[in-house]
Amino acid sequence: MARGSLRFPVPITVTGNVHLILANGCSLEGTVGINVSEGNSLTIYAQSKDESAMGKLEFYGSTGSAGIGGGDGSNGGTITINNGTVTATSQDDGNNYGGAGIGGGSKGGGGSITISGGTVKVSSESGADIGGGNNAKGNAILPSDKIEISESANVTRLDGKDLNIGPVHEANTDEWGSDSTSHWRPCKIENCAENHQFDKADHSFGDWIIDIPATSDKEGQKHRDCNICKYLETETIPPVHSHSYGAEWKSDAAGHWHECSCGDRSGDAPHNPGGWIVDQAATSSTAGRRHRECTDCRYWTQTETIPATGGGSSGGYVPPTYKPDVTQPGEGGSVSVSPSSPKRGDTVTVELRPDEGYELDSITVTDRDGKRVELTAQPDGTYTFWQPSGKVKIEVTYKRTETPWDNPFSDISEDNWYYEAVRFAQEQGLMNGYSDGRFGAEDTLSRAQLAQILFNREGRPGVDYLLDFSDVGGRSWYAGAVRWAASQGIVSGYGNGTFGPNAPITREQLAVMLWRYSGSPAAASKELDFNDESQISGYALEAMRWAVENGILNGYGDGRLGPKGQATRAQAAQILKNFIGNRKDDT
């Protein structure tokens, strides 16, 4: 408890948690402030609630210190005034860096300030009257962690002007911050350096929504939203495996079966041995050889030696040979077979001779009944098989060697569902990125950009055609593409004399342009099994049927086709890949 009248010419420094009771009639005065820095606290009481009798406390901070609070360059601590007559002022340090009347010193935050009663007079030259100090010459007042002033307290500015209450760190209830696991309310203070995260909690996700269904050979994509902050989480759906057993038999001594590439077996059955087949006839001096084989899979179930017949020579037995039917590849190389006319039981070697830039695509050998003969890949790159009875057919195809893609885009990775589509579009010269190295997968594609893509694909042909769109200037980068597209009937504008070159293209507009580019073919089916079919514009209906039927355009996986949705550049790349692949399949 403070009694009497005291004047302090040096600063008072509060360490720890200090409770100061002002006795009735006492007076404490200081010319350099009470230093309550961050991590310390000062709580002020008065012995009496009678204003005429309660003690007084007057402190005047100097050289950037708060009247009560942080020193020059320091954050304020925890300051609580429950009663008493308190006066606190601060002057700047000569460089316009000033502390608060109550709160932070110059370049310091205000800390935690609570005034629940008493008579409080404050002022500051460049900091807050109550709150933080000034952080730099001509710049803003630093925020406080808490400022609470009760209505029962009489708080005024020393000169009678309006109080300057500094900003406070508190939640901005109009915004959410988030990461992959949680969300929070950010601080109301713009560009707050302390990165406050108010009301932080884990996300509450809804159900997954499929955007692109997975197929047997392509990944899909799905997403879900946080029910509270709407944070979007995406996930790749792995390809859906569909068993394919084929006609080729796998076998061992116990039986035979068909086998999927994943190892799953189907049609297991025991062997069904046929009659004896002579591989080498016995002579008078030489034993022969014969075997029995399964009539289904040709597995040899039994072998046996034929004893020599004895007696004189009758000229000996010569087994038949079978010259294979070799289908030479249409492109990419050739193939050779040795021996050229093998007999049953011989090991036949198939030597591949791909041209430069080509590699093996497929190799199959079938017997006289059309059943596949088992091949063995050798370390030297050749393939071998055991020659059955009768002529075999050998078929080999080559494909161009795939070279790794030198990905030029900083925002595209192999984890993206649209990676292969963007690669295709870039390698085909259909789409390029921005000058900053990005592809901009989630950006929208404009109508002019699609016209330019198709124009480039056609080799940028010259066209003598009057272009009458009012919003397509003759010197614009897309003028030639729009002129060509209009001359081919691919685009027709909006009907009011404009083309809308910079307008984001919708999914139905994209389908119409590709449909017209293909000659406006009729769709085989008139059905569209989507719950938003009614939203398709009349002019686009046949084009959308054609695009869906040919696998060029897919729905979102939730029953929607999204005809009016704006096509992103990633979606456009996938649609173009589907479209061009479909045209190649038809040729």
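Because the structure is predicted, anything quoted here is derived from the model rather than measured.

Parameters at a glance
Residues numbered from 1 in each chain as written. Predicted model: local features only at pLDDT ≥ 70, side-chain atom pairs only at ≥ 80, totals over all residues. Heavy atoms only, no water. Helix = DSSP H or I, 4+ residues; strand = E, 2+ residues; numbered from the N terminus. Rg over C-alpha atoms; globule rule 2.2 N^0.38 Å. Buried < 20%, exposed > 50% of the residue type's maximum accessible area, 1.4 Å probe, protein only. Contact = heavy atoms within 4.5 Å. Areas by Shrake-Rupley, 256 points an atom, 1.4 Å probe, with all protein chains shown as cover. Core = buried A, V, L, I, M, F, W, Y, C linked by side-chain atoms within 4.5 Å. Pairing = 2+ DSSP bridges. Axes fitted to C-alpha atoms, helices over the stretch in contact; angles between N-to-C directions. Salt bridge = Lys/Arg side-chain N within 4 Å of Asp/Glu carboxyl O. Patch = residues over 30% accessible without salt bridge, like charges linked within 9 Å, V, L, I, M, F, W, Y side chains within 5 Å. Lys, Arg positive; Asp, Glu negative; His and termini not counted. Charge placed at Lys NZ, Arg CZ, Asp CG, Glu CD. Phe/Tyr/Trp six-rings, centres within 6.5 Å; stacked < 30°, edge-to-face > 60°. Lys NZ or Arg CZ within 6 Å of the ring centre and 35° of its normal. Parallel < 35°, antiparallel > 145°, perpendicular 65-115°, else oblique. Left-handed = near helix turned anticlockwise from the far one by under 90°. Nonpolar A, V, L, I, M, F, W, Y, C, P; charged D, E, K, R; others polar.

A. Broad picture of the overall build of the protein chain. Counting its secondary structure elements, the protein chain contains six helices and 35 strands. Here the C-alpha atoms of the protein chain give a radius of gyration of 43 Å, more than 25% beyond the 25 Å that 2.2 N^0.38 yields for 587 residues. For the protein chain, the C-alpha atoms occupy an extent of roughly 145 × 75 × 45 Å along the three principal directions. When each of the 587 residues of the protein chain is scored for burial, the buried share is 41%. Look at the contacts in the protein chain between residues 6 or more apart in sequence, and 58% of them connect residues 24 or more apart. Summed over its atoms, the accessible surface of the protein chain is roughly 30300 Å², and 44% of this surface lies on carbon and sulfur atoms.

B. Inspection of the nonpolar core at higher detail. Met431 and Leu514 are the most contacted members of the largest nonpolar core, which totals 62 residues. Those residues in contact with Met431, other than ones at most four positions away along the chain, are Ala425, Gln426, Phe439, Leu445, Ile453, Arg569, Ala573 and Leu576. If you look at the next biggest cluster of nonpolar residues, it comprises 26 residues, including Val14, Leu28, Ala153 and Val155.

C. Structural detail: the sheet that holds strand S4 (residues 27-30). The six strands are arranged S1-S4-S7-S10-S13-S16 in an open sheet whose pairing can be described as parallel. One side of each edge strand has no neighbouring strand; the edge strands of this open sheet are strand S1 (5-8) and strand S16 (154-157). Neighbour-to-neighbour, the strand axes of this sheet turn through a mean angle of 10°, independent of strand direction.

D. Expanded view of unusual backbone geometry. A cis geometry characterises the amide bond from Ser338 onward to Pro339, with omega recorded as -5°. Of note, the phi angle at Lys230 is positive, near 70°, even though the residue is not glycine. Within the chain, Ser520 stands out as a residue other than glycine whose phi angle is a positive 55°. Using a relative accessible area of 36% as the deciding quantity, one classes Ser520 as partly exposed.

E. Region of the structure containing the sheet that holds strand S32 (residues 358-366). Across the sheet, which stays open at both edges, the three strands sit in the order S29-S35-S32 with mixed pairing between neighbours. Where the open sheet ends on each side, the last strands, each with one partner, are strand S29 (325-327) and S32. Each strand of the sheet is rotated relative to its neighbour by a mean of 15°, with strand direction disregarded. Relative to strand S35 (residues 393-400), S29 runs parallel, the two sharing three bridges. Bridging across to S35, Thr327 finds its partner in Glu395.

F. Fine view of the pattern of salt bridges. For the coordinates displayed, the defined rule picks out 23 salt bridges. As a salt-bridge pair, Glu233 and Arg224 come within 2.6 Å of each other at their nearest N and O atoms. Exposure remark for Arg224: the relative accessible area of 21% places this residue in the partly exposed category. The residue Arg290 makes a salt bridge to Glu304 at a minimum N-O spacing of 2.4 Å. In this pair, Arg290 is assigned in strand S27 (residues 288-293) and Glu304 in strand S28 (residues 300-306), connecting sequence segments 14 residues apart. On the accessibility criterion, Arg290 (25% relative accessible area) is partly exposed. The exposure class of Glu304 is partly exposed, given its relative accessible area of 29%.

G. Molecular detail of a negative patch on the surface. Taken together, the side chains of Glu219, Glu414, Asp415 and Glu420 present a region of like negative charge at the surface. Tracing the backbone shows Glu219 in the loop between strand S20 (209-212) and strand S21 (220-225). The exposure class assigned to Glu219 is partly exposed, which follows from its relative accessible area of 43%.

H. Spatial organisation of the environment of Gly73. Looking at where Gly73 falls in the secondary structure, it is placed in the loop between strand S8 (68-69) and strand S9 (78-81). The exposure class of Gly73 is partly exposed, given its relative accessible area of 44%. In this structure the C-alpha to C-alpha distance between Gly73 and Ile505, which are 432 residues apart in sequence, comes to 56 Å. Residues in contact with Gly73, not counting those within four places in the same chain, are Gly105, Ser106 and Lys107.

I. Quick peek at the packing of aromatic side chains. Enumeration according to the criterion identifies 13 aromatic pairs in this entry. Here Phe469 and Phe499 contribute two aromatic rings whose centre-to-centre distance is 5.5 Å and whose plane-to-plane angle is 35°, an arrangement assigned as tilted. Within this pair, whereas Phe469 is found in the loop between helix H2 (447-457) and helix H3 (479-487), its partner Phe499 is found in the loop between H3 and helix H4 (507-517), the two being separated by 30 residues in sequence. Grouping residues by exposure puts Phe469 and Phe499 together as buried. Among the aromatic residues, those joined into a cluster by ring pairs are Phe455, Trp484, Tyr517, Trp546 and Phe579. In this structure, Arg185 is placed above the aromatic ring of Trp176, and the distance from its NZ or CZ to the ring centre is 3.7 Å. Just above the ring of Trp276 sits the side chain of Arg290; from NZ or CZ to the centre is 4.2 Å.

J. Main features of the side chain of Thr498. Tracing the sequence through the fold places Thr498 in the loop between H3 and H4. A relative accessible area of 19% places Thr498 in the buried class. Setting aside anything within four residues of it in sequence, one finds Thr498 in contact with Phe469, Ser470, Asp471 and Gly493.

K. Region of the structure containing the environment of Ser284. Position of Ser284 among the secondary structure elements: in the loop between strand S26 (277-280) and S27. Owing to a relative accessible area of 19%, Ser284 belongs among the buried residues under this scheme.

L. Quick look at the environment of Val120. Its location among the elements puts Val120 in strand S13 (residues 119-124). With 38 residues separating them along the chain, Val120 and Leu158 place their C-alpha atoms 8.9 Å apart. The residues touching Val120, leaving out its near neighbours within four places in the chain, are Ile81, Val86, Ile102, Ile115, Asn154, Val155 and Thr156.

M. Main features of helix H1 (residues 419-427). Considered for burial, the residues of H1 that qualify are Tyr419, Ala421, Val422, Arg423, Phe424 and Ala425. One or two residues past the end of H1 sits Gly429, with phi positive at roughly 75°.

N. Quick peek at the pairing of strand S22 (residues 232-237). By the bridge criterion, six bridges tie S21 to S22 in an arrangement that is antiparallel. Bridge pairing in S22 links Gln221 to Thr236. Where S21 folds back onto S22 in an antiparallel hairpin, the turn is made up of six residues, including Lys230, whose phi is positive at roughly 70°.

O. Quick look at the packing of H2 against H4. Direction vectors running N to C along H2 and H4 enclose 25°, while the axes themselves pass 11 Å from each other. If you check the angle between H2 and H4, you find them roughly parallel. Crossing handedness for the pair H2 and H4: right-handed. Residues Arg447, Leu450, Ala451, Leu454 and Arg457 of H2 form the contact with H4, whose own contacting residues are Gln509, Leu510, Met513, Leu514 and Tyr517. Class assignment for the residues of the contact of H2 with H4 results in seven nonpolar, one polar and two charged.

Just distances and angles here, no functional claims.
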